[in-house]
Amino acid sequence: MKSVFQHIKGDRAIWAIVAVLAIFSFMPVYSASTNLVYVVGNGSTFGHLIKHIVLLLSGFAIIYGVHKIPYRYFSGGSVLMLPVIVLLLIFTMAQGTVIGGANASRWIRIPFVGIGFQTSTLAGLVLMVYVARYLAKHKEKPIQFKESLLQMWLPVGVVLMLVLPANFSTTAIFFTMILLLAYLGGYPLKYIGYILSIGLFSLLFFILVAKAFPDAMPNRIHTWQNRLESFSKSEGEENYQVEKAKIAIATGGPIGKGPGKSVQKNFLPQSSSDFIYAIIIEEYGLVGALLVVFIYFLLLFRILITAKKANTVFATLMVIGVGIPIVFQALINMAVAVNILPVTGQTLPLISSGGTSIWMTCFALGMILSVSASKNETEETILDDNPLDILHETI
């Protein structure tokens with residue numbers, strides 16, 4: 001056992017938190033998957049649990065592999081990955097997969113594995129690292145707005161505009177996090193105001209175009225509109241899910257009905273993914289609900305400690321950029337389940353079932369652990385790296 005721990009570097013608390021979340025997720029996923037089995041007619045509960053365990057084990061393998069990579073590689077790697085991401089997003093939009101009879105143009109199917117891959121989650125990671133690299137490079141010199149428009153905001157804008165049609169909530173999270181990162185990285189507040197204005201204007205323009213040409217982007221604006229209307233009114237499919245989630249929460253009580261004893265999992269269409277928090281409250285009560293919130297805040301606390309202890313500006317910004325969205329996403333998922341926010345489609349990181357979400361969360365955690373394990377990187381060795389040299393070293 002001791003020899004295993006010798007190979008694990010970085011913040012041990014983060015490793016422990018991730019392990020606790022992963023192990024805790026087994027029972028809710030096993031319990032909530034009855035909906036997929038008996039209502040949708042998809043597989044068996046044990047099969048869904050095994051799939052979830054395999055995804056988590058592969059996720060831990062990703063964390064282990066990534067945390068062994070010196071984090072300076074992520075800096076140049078983000079530059080190399082940007083064009084790849086743009087091509088992947090265009091490909092995803094062009095051949096959007098149909099999942100459960102609905103248009104899901106945020107997914108592509110991985111050949112031979114049979115798992116859907118959500119390209120926007122990978123795009124978010126690459127963008128955060130790319131922005132952190134730019135801000136770290138310009139930390140000691142005045143930022144020219146026109147130059148930053150071309151070097152930083154143009155790539156960001158292109159990626160966000162490719163993600164937006166299929167996934168508004170993810171685009172909003174990315175944009176908010178990038179603005180936060182820009183502020184923390186010393187980007188002038190006045191320029192952030194300009195970018196925010198451009199972003200809101202672009203969103204309005206997109207909505208107007210989508211309304212004017214509904215055949216170009218079928219169902220997207222209609223879906224957003226329905227979700228907002230369902231949130232404010234008591235009708236529609238989205239509201240049906242929220243009503244069932246409310247019943248699950250109301251019947252949970254202080255200590256819940258007990259593991260596997262949820263009733264509403266049989267009626268909630270997304271009980272093992274988007275609304276798994278409601279099932280957790282029904283089965284484990286207020287105690288379980290608060291425990292999950294506490295664990296995510298503990299993870300946030302350790303991420304901020306890692307960012308503070310990092311010995312380079314790039315590392316600090318990268319940890320914040322890839323780490324905080326994990327907790328942000330968790331809070332959004334929980335807020336949707338308790339009807340504070342309209343339905344967004346965001347999963348509960350490391351607890352909800354789903355392949356890409358688990359893998360990308362694990363990749364981000366591996367990057368954070370790589371920073372916490374590193375002691376001898378300097379700003380010069382990271383920012384002077386030529387991306388092509390990194391590619392050559394990798395090959």
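Residues numbered from 1 in each chain as written. Predicted model: local features only at pLDDT ≥ 70, side-chain atom pairs only at ≥ 80, totals over all residues. Heavy atoms only, no water.

Peer 1: Give me the lowdown on the overall build of the protein chain, citing residues and values where you can.
Peer 2: When you go through the protein chain residue by residue, the secondary structure sums to 16 helices and four strands. Expressed as a percentage of the 395 residues in the protein chain, the buried residues total 51%. Sequence separation of at least 24 residues holds for 73% of the intrachain contacts in the protein chain that already meet a minimum separation of 6. Surface exposure of the protein chain reaches about 18,600 Å², of which carbon and sulfur atoms provide 69%. (Helix = DSSP H or I, 4+ residues; strand = E, 2+ residues; numbered from the N terminus. Buried < 20%, exposed > 50% of the residue type's maximum accessible area, 1.4 Å probe, protein only. Contact = heavy atoms within 4.5 Å. Areas by Shrake-Rupley, 256 points an atom, 1.4 Å probe, with all protein chains shown as cover.)

Peer 1: With reference to specific residues and values, describe the packing of aromatic side chains.
Peer 2: Considering all chains together, one arrives at seven aromatic pairs under this definition. Geometrically, the ring pair formed by Tyr71 and Phe314 is stacked, given 6.2 Å between the ring centres and 20 degrees between the ring planes. In this pair, Tyr71 sits in the loop between helix H4 (45-67) and helix H5 (72-94) while Phe314 sits in helix H13 (residues 313-337), placing the two residues 243 residues apart along the sequence. Like Tyr71, the residue Phe314 is buried in the burial classification. Arranged with centres 5.9 Å apart and planes meeting at 65 degrees, the rings of Tyr187 and Tyr191 form a pair that is edge-to-face. For the pair Tyr187 and Tyr191, a shared accessibility class is recorded, and that class is buried. Within the aromatic cluster, the residues linked to one another by ring pairs are Phe145, Trp153, Tyr187, Tyr191 and Tyr194. Positioned above the aromatic ring of Tyr73, the side-chain terminus of Arg72 is 4.6 Å from the ring centre. (Phe/Tyr/Trp six-rings, centres within 6.5 Å; stacked < 30°, edge-to-face > 60°. Lys NZ or Arg CZ within 6 Å of the ring centre and 35° of its normal.)

Peer 1: I'd love a proper account of the packing of H5 against helix H7 (residues 145-163), names of residues and values included.
Peer 2: Put simply, H5 and H7 touch, their axes get as near as 9 Å, and they point 20 degrees apart. As far as their axial angle goes, H7 and H5 are roughly parallel. Handedness of the H5/H7 crossing: left-handed. On the side of H5, the interface is formed by Leu82, Ile85, Val86, Leu89, Ile90 and Met93, while H7 contributes Pro155, Val158, Val159, Leu162 and Val163. Residues that form the contact of H5 with H7 fall into these classes: 11 nonpolar, no polar and no charged. (Axes fitted to C-alpha atoms, helices over the stretch in contact; angles between N-to-C directions. Parallel < 35°, antiparallel > 145°, perpendicular 65-115°, else oblique. Left-handed = near helix turned anticlockwise from the far one by under 90°. Nonpolar A, V, L, I, M, F, W, Y, C, P; charged D, E, K, R; others polar.)

Peer 1: Got a sec to walk through the packing of helix H6 (residues 119-137) against H13? Specific residues and values, please.
Peer 2: Angle between the axes and distance between the axes: these two values describe a pair of packed helices. Close contact between H6 and H13 brings their axes to 8 Å; oriented N to C, the two are set at 150 degrees. Judged by the inter-axis angle, H6 sits roughly antiparallel to H13. Every pair of crossing elements has a handedness; the one defined by H6 and H13 is right-handed. Here Leu125, Met128, Val129, Ala132, Arg133, Leu135 and Ala136 of H6 lie close against H13, whose contacting residues are Val313, Phe314, Leu317, Met318, Gly321 and Val322. Residues belonging to the contact of H6 with H13 are distributed by class as follows: 11 nonpolar, one polar and one charged.

Peer 1: Provide a residue-level description of the pattern of salt bridges, including the pertinent values.
Peer 2: With the rule as written, the count across this model stands at three salt bridges. We note a salt bridge from Asp11 to Arg302, for which the minimum N-O separation is 2.8 Å. In this pair, Asp11 is assigned in the loop between helix H1 (2-7) and helix H2 (12-32) and Arg302 in helix H12 (residues 276-309), connecting sequence segments 291 residues apart. We note that Asp11, like Arg302, is buried. Residue Lys257 pairs with Glu282 through a salt bridge whose shortest N-O separation is 3.2 Å. Of this pair, Lys257 sits in the loop between helix H11 (237-252) and H12 while Glu282 sits in helix H12, and the two are 25 residues apart along the sequence. Residue classification places Lys257 among the partly exposed positions, given a relative accessible area of 32%. (Salt bridge = Lys/Arg side-chain N within 4 Å of Asp/Glu carboxyl O.)

Peer 1: Tell me about a nonpolar patch on the surface, and name the residues and values.
Peer 2: There is a patch of nonpolar side chains on the surface, built from Met27, Tyr30, Phe46, Ile50 and Val54 and spanning about 430 Å² of accessible area. When residues of the nonpolar patch are traced back to their parent elements, those giving at least two are H2 and H4. With three residues, the single largest contributor to the nonpolar patch is H4. (Patch = residues over 30% accessible without salt bridge, like charges linked within 9 Å, V, L, I, M, F, W, Y side chains within 5 Å.)

Peer 1: Got a sec to walk through the environment of Asn266? Specific residues and values, please.
Peer 2: Here Asn266 shows up in the loop between H11 and H12. Residues Asn266 and Ser31, 235 residues apart in the sequence, show an inter-C-alpha distance of 9.8 Å.

Peer 1: Mind laying out unusual backbone geometry, listing which residues take part and the relevant values?
Peer 2: Backbone geometry places Asn339, a non-glycine residue, at a positive phi of 65 degrees. In this model, Leu350 sits at a positive phi of 70 degrees, which is unusual for a non-glycine residue. Here Leu350 is to be found in the loop between H13 and helix H14 (355-373).

Peer 1: I'd like a rundown of the environment of Ile276, residues and numbers included.
Peer 2: Take Ile276: it is sitting in helix H12. The spatial distance from the C-alpha of Ile276 to the C-alpha of Ala337 is 8.0 Å, given a sequence separation of 61 residues.

Peer 1: Can you lay out the nonpolar core for me, pointing to particular residues and giving the numbers?
Peer 2: Counting 104 residues, the largest nonpolar core has Trp153, Tyr187, Met318, Leu348 and Leu365 as the members making the most contacts within it. Excluding anything up to four places from it in sequence, Tyr187 contacts Leu135, Ile143, Phe145, Ser148, Met152, Trp153, Ala182 and Ile192. (Core = buried A, V, L, I, M, F, W, Y, C linked by side-chain atoms within 4.5 Å.)

Peer 1: Could you give me a rundown of H14, with the residues and numbers involved?
Peer 2: One full turn of an α-helix is made of 3.6 residues, so residues set three or four places apart face in the same direction. The terminal C-alpha atoms of H14, which comprises 19 residues, lie 27 Å apart, in line with the 27 Å expected from a rise of 1.5 Å per residue. With 17 of 19 residues buried, H14 is to be regarded as a mostly interior element. (Expected span 1.5 Å × (residues − 1).)

Peer 1: Run through the confidence of the model for the protein chain, naming residues and quoting values.
Peer 2: Predicted confidence across the protein chain gives a mean pLDDT of 82, with 80% of residues reaching 70 or more. Segment residues 97-103: pLDDT under 50, and 11 contacts once partners within four positions in sequence are set aside and those in other chains are kept. (pLDDT = per-residue confidence, 0-100.)

Peer 1: Summarise H13; cite the residues concerned and give the values.
Peer 2: With 25 residues, H13 should cover 36 Å at 1.5 Å per step; its first-to-last C-alpha distance of 37 Å lies within 8% of that length. Among the 25 residues in H13, 21 count as buried, and that is most of the element. Count one or two residues on from H13 and you reach Asn339, which has phi positive near 65 degrees.

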